[in-house]
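An overview of the molecular structure
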Amino acid sequence: MDEKIFITGNEAIARGAIAAGCKYFFGYPITPQSDIGEYLSAELPKIGGVFIQSEAESASIYMLYGGAMSGERVMTSTSGCGFALMAEGISYICAAELPCVVVDVMRMGPGIGTGGQQGQTDYRYATSGAGHGGCRCIVLAPASPQECFNLVQLAFYLADIYGILVIVLTDFIIGRMAEPVEIRPLDFGPVPEKDWALVGKGKKEGRTDRHFGGASYPPRSVGMSVPAYHEHQRQKYQKIMDTEVRYETFQAEDAELLLVSYGSSARVCRGAVELGRAQGLRLGLFRALTVWPFPRKELREAASRAGKVLVVEDSIGEFVDDVEFAVLGQVPVHLLGVWGRHQPGGSGIIHPERVLEEVGGLL
Amino acid sequence: MSSENKVKVYGTPSLRSFIPILHCPGCHYGAIIRLICENIEELGVEGRTVLLGGVGCSYAWPMLFVLDGAACPHGRAPAMATALKRIHPDTVLITCQGDGDLGAIGLGCFMNALSRGEKLTTIFLNNAGYGMTGGQMAPTTLLGQVTTTTPAGRDPEIAGYPIHVAELAAVMKGTAYSARVTVHTPANYQKAKKAIKLALQKQIDGIGYGFVEFLSACPASWRMTPSECLEFIDEKMLAEYPLGEFKNVDRIE
């Protein structure tokens, strides 16, 4: 029988990684995600794995890069400014097309931000590729500890299928809240053999001397031409956009106003839909699970049916840009965003009632 | 003498790939690459060696060896090698890094790998300047040395002092071997070969980090002929950077 235990989103990430067969974690402490590394520092050695506390996120990401080259499943986790320190390495991993997983438990604000406060302020950065040179990463956005456990497993699978870095984008609330989680390893199917792994067999045992490094050393399969390599990457991203979009709707079929959100903000919206429906308001919810690729076509259809969109997010407007781009001006898009949930007063925490208040002005 | 009496005593090492060495005439990297090849073969670890290059003139090095390898981002080879080594402890990991790569942008990464006592080997290429980007100052540039970013010579008031990485590595507990060598004379070439072997042996025996710093000629950025470079190493670089072993232990307590 499958076990159900009461754990935080952060612990669910750590347990999900182990369930996916990840035995190697490299990370640097930063609030609000340090407990992911703490959990794995205790658990990984028990299963023959390795936990390394790096000296900086700029080292964690290169340990991840080196670890991914070994052919094993590897992960790091971080937040805010630590995530920014990984930018160069994320781009290198993208160029080398290596599978691995980076978890960003978002905190609030630019600069050092406020580590102890909720925010969804890495959204634009994560979904833009999180690195230089036109790189791309799949970005998954769980909204509960159970989804943390499941989506981190999906992240490893997608990483292996496409040869890509997958970002699991959670936030302070999701990371620190506890809910019952069913601990069931998911089987997504077979993944390609990692015959490219660097295990030191370049000379003796017939393995190819595969060199990683991106456009300067293109993968053997696409030859030595830089244009061919870029075309290969373009096709890979297009295939991901065509096939890997994931989203969820709630009471959206007959909605007159569609709430659009992701992560912890989407939980608030779900509460607002339930409250509003009880009052006879025809509200619905569209929640993105993949925020890159963004469910553009699916959202456009749902938004067109409803006729009005209200975006709710814990930032002054990042996710809303993707929504605007998806609906292409076909319906009006409103934003309820906060930047400083911890502040008392008007900019404070968004509760379902606050969403309903905003809805009242739009219907 | 007929051809069947000829015995081959010298040739291209079997670990050298078909890709030609693209470094400038008079650069010492070709000789150092040869020494690395010979040592790996003589130690019999070619079937489990991974060689990582840095950013700069060592970027393409992995392609020059018939070994598993990768080009690493600027200064980050020790972090990448750390993960590879911890995941596959039987592999022999070699990072080849220039003075900008290791001494400037990657110094923290390198020192922390030493601090963790990683079982790795680093070949550090000190040519007192940035070769690939056209001759700018490196952390290893000598005082008074003219570069494209120290046009009046390196002034310590403005640009600080040359960094002594071999001595720095030697004070770290996790270091098992640290030496500075050159290939600018035949005698030194032989000593350099032994140093690489020892630095690899410390890793293979699981003792600790092995480190070898090469003083290496850069005719293009020094604006010198190859033979002038040898004099520069002899007269100027050796005065700042003494050769020798700074640490050689068989056990780290």
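What you see is a predicted model; the values in this text were computed from it and never measured.

Turning our attention to the nonpolar core. Membership of the largest hydrophobic core comes to 126 residues, with the highest contact counts inside it found for Met75, Leu258 and Phe319 of chain A together with Leu52 of chain B. Of all the elements, helix H7 (residues 145-162) of chain A adds the most residues to this core, at 11 residues. Apart from the residues within four sequence positions on either side, leucine 52 of chain B is in contact with Pro62, Ala70, Cys72, Ala77, Met80, Ala81, Leu84, Leu93, Ile94, Thr95 and Cys96 of chain B.

Contact residues are listed per partner, giving 37 residues for chain B and 35 residues for chain A. For the pair chain B and chain A, the two sides together bury roughly 2900 Å², of which 64% comes from carbon and sulfur. Here chain B is connected to chain A by 1 salt bridge. Across the pair glutamate 55 of chain A and arginine 116 of chain B runs a salt bridge whose closest N-O atoms are separated by 3.2 Å. Counting across the chain B and chain A interface gives 3 residue pairs in polar contact (both at pLDDT 80 or more). Every element with two or more residues in the side of chain B that touches chain A is listed here: strand S1 (49-53), helix H2 (61-64), strand S2 (68-71), helix H3 (77-87) and helix H5 (107-115) of chain B. When its residues are assigned to classes, the side of chain B that touches chain A shows 20 nonpolar, 11 polar and 6 charged.

Moving on, we come to the sheet that holds strand S7 (residues 165-171) of chain A. Residue and element names in this part refer to chain A. Taken in spatial order, the 7 strands line up as S3-S2-S4-S5-S7-S6-S13 in an open sheet, and their pairing is mixed. Only two strands of the sheet have a single partner each, and these edge strands are strand S3 (50-53) and strand S13 (290-292). Strand-to-strand, the axes of this sheet are offset by a mean angle of 20 degrees, without reference to chain direction. Sheet analysis places strand S2 (residues 24-27) next to strand S4 (residues 74-78), joined by 2 bridges and oriented parallel. Looking at the pairing, phenylalanine 25 lines up with methionine 75 of S4.

What follows is about a nonpolar patch on the surface. A grouping of Val7, Val9 and Tyr10 of chain B is seen on the molecular surface, where their side chains present a nonpolar patch of about 400 Å² in accessible area. If you trace the backbone, valine 7 of chain B turns up in the segment before helix H1 (29-43).

Of the consecutive residues threonine 31 of chain A and proline 32 of chain A, the connecting peptide bond is found in the cis state with omega at 10 degrees. For proline 32 of chain A, the position within the fold is in the loop between S2 and helix H2 (34-43). Proline 293 of chain A follows tryptophan 292 of chain A through a cis peptide bond whose omega is 0 degrees. Among the secondary structure elements, proline 293 of chain A is positioned in the loop between S13 and helix H11 (296-306). Although it is not a glycine, glutamine 251 of chain A sits at a positive phi angle of roughly 55 degrees. Along the chain, glutamine 251 of chain A falls in the loop between strand S10 (247-250) and strand S11 (257-261). Positive phi, normally seen in glycine, also occurs at alanine 128 of chain B, with a value near 55 degrees. Accessibility expressed as a relative area gives 0% for alanine 128 of chain B, which makes it buried.

This part takes up the sheet that holds S10 of chain A. Residues and elements named next belong to chain A. Sheet architecture is open: 5 strands sit in the order S10-S12-S11-S14-S15, paired in mixed fashion. Each edge of the open sheet carries a strand with a single partner, namely S10 and strand S15 (333-337). Neighbour-to-neighbour, the strand axes of the sheet open up by a mean angle of 20 degrees, direction not taken into account. Both strand S14 (residues 309-313) and S15 contribute to a ladder of 5 bridges, which runs parallel. Residue pairing across strands places valine 311 opposite leucine 335, the latter belonging to S15. Here helix H12 (residues 319-327) sits on the sheet and contacts S11, strand S12 (283-288), S14 and S15; the angle it forms with S14, its principal contact strand, is near 155 degrees.

Reading the values: rules and limits
Residues numbered from 1 in each chain as written. Chains lettered and ligands numbered in written order. Predicted model: local features only at pLDDT ≥ 70, side-chain atom pairs only at ≥ 80, totals over all residues. Heavy atoms only, no water. Core = buried A, V, L, I, M, F, W, Y, C linked by side-chain atoms within 4.5 Å. Buried < 20%, exposed > 50% of the residue type's maximum accessible area, 1.4 Å probe, protein only. Helix = DSSP H or I, 4+ residues; strand = E, 2+ residues; numbered from the N terminus. Contact = heavy atoms within 4.5 Å. Buried area = accessible area lost by both parts, 1.4 Å probe. Salt bridge = Lys/Arg side-chain N within 4 Å of Asp/Glu carboxyl O. Polar contact = N/O pair within 3.5 Å; in protein donor to acceptor, adjacent residues only side chain to side chain. Nonpolar A, V, L, I, M, F, W, Y, C, P; charged D, E, K, R; others polar. Pairing = 2+ DSSP bridges. Axes fitted to C-alpha atoms, helices over the stretch in contact; angles between N-to-C directions. Patch = residues over 30% accessible without salt bridge, like charges linked within 9 Å, V, L, I, M, F, W, Y side chains within 5 Å. Areas by Shrake-Rupley, 256 points an atom, 1.4 Å probe, with all protein chains shown as cover.

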